[in-house]
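# A closer look at the structure
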Amino acid sequence: MWKVTNEVNKVILDDFRNKLIEPLFEEIIYYKRQSLNISFCENIKNGIDVKRGSSRSLINYLNKRKTKKVTFGNLIDKIISDNSLNELENYYSIFVFQNNEINSGNYNIKEEVISKEFKFLFADFFYEMFFDYKKIWILIDKKYEKSSFDRNIFHINFKRENNIEICPYCDIDSTISVFNNEVEHFLPKSRFPFLAMNAYNLIPSCHACNKKPDGKGSDVYMPIYSPYNMQIGDKLKFENDIVKRKIELSTDDSFIENYLKLLNLKSRYSPRRVYDYVEAKAESIYETLNDIEQMGKVSLTQKQIENYILEKGIKFAKKEPLTLAVKYAFSEYELYLSYRDKHIVD
Ligand SMILES: [Zn+2]
């Protein structure tokens, strides 16, 4: 719901792309063109340098890594033997195309058929294993000796950059506890494996948003916006049903409707306790605003009220739950006052 950026992690994950994924694709395609008799690993060890020869020592190191009983070098040999040159080049262009689309902010991408070996390469090796693998980061660039990188640092970078401790997807759960920190693939890695390492496809979220039944799992609904596109919470109506004491989310935008569906947000905003929390928070903000008005003998404008909630009230915005729903409650101050007089009991 909050608009976020991920620039610091983007630079780091671009290193991974430029120094590992791209050279690996080049090596694979180069190897296939030569129709060599030796294995890929042997070729990397002994072969002639291709364009990015400096990545050879890295790929040579990777060739012996193993996860789920699969050796990296053997997986690459299988990828090379099972695919024609045409197919390999086609996979590479899908990789480039999908990453370019995400980088330019388009999440409405056609799902392509991608072999299980490529899925294994991107999801199991790159994302699950290499993301947290210190030695690999150092081989990617010596600078990672000093400033190492892993999932924990990914979260720290993101939180610092956005000054956020709340889940940007839902604005319900806090991610202060490290155990409630998930790295969520907006377009799921099981269906879009080539996007598994793109910073604009990775959103640090709360546990509920990442996992079924509350969250998205590997669901995809299109057309859609992501929190890297816009502050979706500003485009929503959080209507208070004072009889049922529940918040009803709605939107006229089909992209946002799909976002609500993906994260099951209508149902997650509907419990009474969510309504009560928003009401209590709105009431305490009202008290503060009222004090400001009385002390200064002024009447605050709508804009000043919203600024107070989002900026001066920064102590809680993006740090405590449901700020965007509270802000909506004040979106028409006059309306809020009459609502308050009628329904909030002292
Ligand atoms: Zn969440």
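Residues numbered from 1 in each chain as written. Predicted model: local features only at pLDDT ≥ 70, side-chain atom pairs only at ≥ 80, totals over all residues. Heavy atoms only, no water.

Another point: the pairing of strand E4 (residues 202-205). Burial along E4 is two-sided: Leu202 and Pro204 facing one way and Ile203 and Ser205 facing the other are all buried. Two elements, strand E3 (residues 182-185) and E4, share four bridges in a ladder whose sense is antiparallel. Across the sheet, the residue bridging to valine 183 is proline 204, located in E4. (Buried < 20%, exposed > 50% of the residue type's maximum accessible area, 1.4 Å probe, protein only. Helix = DSSP H or I, 4+ residues; strand = E, 2+ residues; numbered from the N terminus. Pairing = 2+ DSSP bridges.)

On the protein side, the zinc ion has Cys167 (SG), Cys170 (SG), Cys206 (SG) and Cys209 (SG) as donor atoms, found 2.3 Å from it. Metal-centred angles of 105 to 112° between the four donor atoms at the zinc ion mark the site as tetrahedral. The sequence motif formed by the donor residues of the zinc ion is C-x2-C-x35-C-x2-C. Of this pair, cysteine 167 sits in the loop between helix H9 (151-162) and E3 while cysteine 206 sits in the loop between E4 and helix H10 (207-210), and the two are 39 residues apart along the sequence. Exposure class is identical for cysteine 167 and cysteine 206. Each is buried. (Donors = N, O, S within 2.8 Å, 3.2 Å for Na, K, Ca; no water. Tetrahedral: all angles 85-135°; square planar, octahedral: opposite > 155°, others 65-115°.)

Attention shifts here to unusual backbone geometry. Looking along the chain, the bond that leaves lysine 212 and enters proline 213 is cis, with omega of 5°. Following methionine 222, the chain continues to proline 223 via a peptide bond in cis, the omega torsion being 0°. Relative to the helices and strands, proline 223 is located in the loop between H10 and strand E5 (237-241). The phi dihedral of lysine 68 falls on the positive side, at around 50°, and the residue is not glycine. Lysine 68 sits in the exposed class, given a relative accessible area of 60%.

Here the focus is the packing of helix H4 (residues 72-82) against helix H6 (residues 116-129). One can describe the packing of H4 onto H6 by two numbers: an axis separation of 10 Å at closest approach and a directional angle of 155°. On the basis of the axis angle, H4 is roughly antiparallel to H6. You can see that H4 and H6 cross each other, and the crossing is left-handed. Of the residues in H6, those touching H4 at Phe72, Leu75, Ile76, Lys78, Ile79 and Asp82 are Glu117, Phe118, Phe120, Leu121, Phe125 and Phe126. Among the residues forming the contact of H4 with H6, the class breakdown is nine nonpolar, no polar and three charged. (Axes fitted to C-alpha atoms, helices over the stretch in contact; angles between N-to-C directions. Parallel < 35°, antiparallel > 145°, perpendicular 65-115°, else oblique. Left-handed = near helix turned anticlockwise from the far one by under 90°. Contact = heavy atoms within 4.5 Å. Nonpolar A, V, L, I, M, F, W, Y, C, P; charged D, E, K, R; others polar.)

Attention now goes to helix H14 (residues 302-310). Helical periodicity: at 3.6 residues per turn, an α-helix aligns residues three or four positions apart in one direction. Residues of H14 that are buried: Ile305, Glu306, Tyr308 and Ile309. One side of H14 holds all its buried residues, which, seen down the axis, span an arc of 155°. (Arc of directions from axis to C-beta.)

To continue, consider the nonpolar core. Residues Met1, Phe238, Leu265, Tyr269 and Phe330 are the most contacted members of the largest nonpolar core, which totals 58 residues. Looking at this core, the elements that each hand over two or more residues are H10, strand E6 (246-250), helix H11 (254-262), helix H12 (265-269), helix H13 (272-296), H14, helix H15 (323-329) and helix H16 (333-343). Top contributing element to this core by residue count: H13, with seven residues. For phenylalanine 238, the residues in contact, after removing those within four places along its chain, are Met1, Gly233, Ile247, Glu248, Leu249, Tyr269, Leu324, Ala325 and Tyr328. Residues Phe25, Leu58, Ile76 and Phe125 belong to the second largest nonpolar core, which totals 48 residues. (Core = buried A, V, L, I, M, F, W, Y, C linked by side-chain atoms within 4.5 Å.)

Time to look at the domain arrangement of the chain. Domain annotation for the chain reports domain 1 (7-146), domain 2 (163-238 + 249-268) and domain 3 (270-343). Averaged C-alpha coordinates put domain 2 and domain 3 at centres separated by 25 Å. The interface is formed by 15 residues belonging to domain 2 together with 14 residues belonging to domain 3. Interface area for domain 2 against domain 3, summed over the two sides, is near 1,300 Å², with a carbon-plus-sulfur share of 56%. Between the two partners, domain 2 and domain 3, sit one salt bridge. (Domains from an automatic or database assignment. Buried area = accessible area lost by both parts, 1.4 Å probe. Salt bridge = Lys/Arg side-chain N within 4 Å of Asp/Glu carboxyl O.)

Moving on, we come to the pattern of salt bridges. Opposite charge on two side chains lets them pair, provided their charged atoms get close. Tallied over the entire structure, the rule returns 26 salt bridges. We note a salt bridge from lysine 45 to glutamate 42, for which the minimum N-O separation is 3.6 Å. One end of the pair is lysine 45 and the other is glutamate 42, both in helix H2 (residues 40-46) and three residues apart, which spans about a single turn. Its relative accessible area of 49% is what places lysine 45 among the partly exposed residues.

With the rule as written, the count across this model stands at 35 aromatic pairs. For the pair phenylalanine 25 and phenylalanine 122, a centre-to-centre distance of 6.4 Å together with 40° between the ring planes defines the contact as tilted. In this pair, phenylalanine 25 sits in helix H1 (residues 7-34) while phenylalanine 122 sits in helix H6, placing the two residues 97 residues apart along the sequence. Of the two residues, phenylalanine 25 and phenylalanine 122, both sit in the buried class. Of note, arginine 65 hangs over the ring of tyrosine 61, and the distance from its end group to the ring centre comes to 3.9 Å. Over the face of the ring belonging to tyrosine 127 we find arginine 151, whose NZ or CZ atom lies 4.5 Å from the ring centre. (Phe/Tyr/Trp six-rings, centres within 6.5 Å; stacked < 30°, edge-to-face > 60°. Lys NZ or Arg CZ within 6 Å of the ring centre and 35° of its normal.)

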